[in-house]
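Breakdown of the fold
One-letter residues, chain by chain:
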Amino acid sequence: GVPASSPRLPSQQPRIPAALWHLADAVFSQRFETGLFQQPGDPLIVAEILRHFDSPALHATPLPAKLRQGTGKECAYALVKVCADLTISLVGFPWMPALTAAGKLGTFAACNAALELLTPVSHFNVVLYLVSLFKALLRPEHATRNGLRTEGLARLAAFAFTPLGAHYRSGAMAHRLP
């Protein structure tokens, strides 16, 4: 977690959009499903999940049970799509060199220092929350069953958190969506 002394977060509960929280919760509830973040699942279910969060009346409510159970791949795909479709990338071009350097060092301290550079704070909170989800999914007791690997989730994060998502929206990378 984030140290209590972090100047970036006044509380231990970062504020993130409700839709992202509910999608992440749905993915984690299906953490043992194989194919998470590796296969898109049923496109009709993905569309229904995205419609749920696009609805002004429902956007802050949890997914109904029929869209939560047995739909881990679809919820994971919807989560990536929501992040990739943000108007402003979670991690913009100005932060790319620092994050790339931190990734090459591969230490927690370097990565944490690079994340501290993210602005606005809402982007920092969302990235921190999603990285925490990825770490939980990669725990040995989960990864041995779901088949996830660090390298795959790192590529996915680079796609979902950075301006590469804009290339996806334009269709240039539509065939490469994880």
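First, a word on scope: everything that follows refers to the structure included in this document. (Residues numbered from 1 in each chain as written. Predicted model: local features only at pLDDT ≥ 70, side-chain atom pairs only at ≥ 80, totals over all residues. Heavy atoms only, no water.)

**A word on unusual backbone geometry**
We apply this condition: The helix count covers DSSP runs of H or I at least four residues long, the strand count covers runs of E at least two residues long, and both are numbered beginning at the N terminus.
Its identity as a non-glycine residue notwithstanding, F37 has a phi of 60°, on the positive side. Counting through the fold element by element, F37 comes out in the loop between α1 (18-29) and α2 (43-54).

**Observations regarding the packing of α2 against helix α4 (residues 72-84)**
Quick reminder of the rule: Only the stretch in contact is used when a helix axis is fitted, and all axes are lines through C-alpha atoms; the angle between N-to-C directions ranges over 0 to 180 degrees. Any angle from 65 to 115 degrees is called roughly perpendicular, while one under 35 is roughly parallel, one over 145 is roughly antiparallel, and all others are oblique. Should the near helix be turned anticlockwise from the far one by less than a right angle, the crossing is left-handed, and should it be turned clockwise, the crossing is right-handed. Note on contacts: a residue pair qualifies if any of its non-hydrogen atoms lie within 4.5 Å across the two residues. Three classes are used: nonpolar for Ala, Val, Leu, Ile, Met, Phe, Trp, Tyr, Cys and Pro, charged for Asp, Glu, Lys and Arg, and polar for all others, with Gly counted as polar.
One way to put it is that α2 packs onto α4 with a least axis distance of 9 Å and a crossing angle of 55°. As the angle between them shows, α2 and α4 are arranged oblique. By crossing handedness, the relation of α2 to α4 is classed as right-handed. Across the interface between the two elements, I45, V46, I49 and L50 of α2 pack against E74, C75, Y77, A78, K81 and V82 of α4. For the contact of α2 with α4, a count of residues per class yields 8 nonpolar, no polar and 2 charged.

**Quick look at the side chain of E33**
Threshold: Accessibility here uses a 1.4 Å probe with only protein chains present; expressed as a share of the type maximum, an area under 20% marks a residue as buried, one over 50% as exposed, and anything in between as partly exposed. Any pair of N or O atoms that falls within 3.5 Å is considered a polar contact. Within protein, one atom must be able to donate a hydrogen and the other to accept it, and sequence-neighbouring residues count only if both atoms are side-chain atoms.
As for its placement among the helices and strands, E33 is situated in the loop between α1 and α2. Classification of E33 by relative accessible area gives buried; the value is 17%. Reaching out from E33, the side chain makes a polar contact with the backbone nitrogen of K73 at a distance of 3.2 Å. E33 has contacts with G70, T71, G72, K73 and N146, leaving out every residue within four places of it along the chain.

**As for the packing of aromatic side chains**
A ring pair, where both rings are aromatic, is described by two values, the distance of the centres and the angle of the planes. This is how the line gets drawn: Ring geometry is summarised as follows: Phe, Tyr and Trp rings, the Trp one being its six-membered ring, pair when their centres sit within 6.5 Å, and such pairs are stacked at plane angles under 30 degrees, edge-to-face over 60 and tilted between the two. In this scheme, the term charge over a ring applies when either NZ of a lysine or CZ of an arginine sits within 6 Å of the ring centre and within 35 degrees of the ring normal.
Considering all chains together, one arrives at 1 aromatic pair under this definition. With a centroid separation of 5.4 Å and 80° between ring planes, the pair formed by F37 and F134 is classed as edge-to-face. Taken together, the positions of F37 in the loop between α1 and α2 and F134 in helix α7 (residues 121-137) put the pair 97 residues apart, joining distant regions of the chain. With respect to class, F37 is no different from F134; both count as buried. R31 extends its terminal NZ or CZ atom over the ring of F28, reaching a point 4.3 Å from the ring centre. The ring of F32 is capped by R145, whose NZ or CZ atom sits 4.0 Å from the centre of that ring.

**Some words on the nonpolar core**
Applicable threshold: Buried Ala, Val, Leu, Ile, Met, Phe, Trp, Tyr and Cys residues form a nonpolar core when they are joined through side-chain atoms within 4.5 Å.
Ranked by size, the top nonpolar core spans 37 residues in total, and within it L23, F37, I49, L63, F134 and F161 carry the most contacts. Sorting the residues of this core by element identifies α1, α2, α4, α7 and α9 (150-161) as the ones contributing at least two each. For this core, the element with the highest residue contribution is α4, accounting for 8 residues.

**Some remarks on the pattern of salt bridges**
Our working rule: Whenever a carboxyl oxygen of Asp or Glu lies within 4 Å of a side-chain nitrogen of Lys or Arg, that contact is scored as a salt bridge.
In the structure shown here, the tally under the stated rule is 4 salt bridges. Put simply, K66 and E48 hold a salt bridge, and the shortest N to O gap is 2.9 Å. Of the two residues, K66 is situated in helix α3 (residues 65-68) and E48 in helix α2; the sequence distance between them amounts to 18 residues. Judged by relative accessible area, which is 60%, K66 ranks as exposed. On the accessibility criterion, E48 (26% relative accessible area) is partly exposed. Of the charged contacts in the structure, one is a salt bridge between R149 and E151, with a shortest N-O distance of 3.1 Å.

All quantities given are derived from atomic positions and should not be read as evidence of function.
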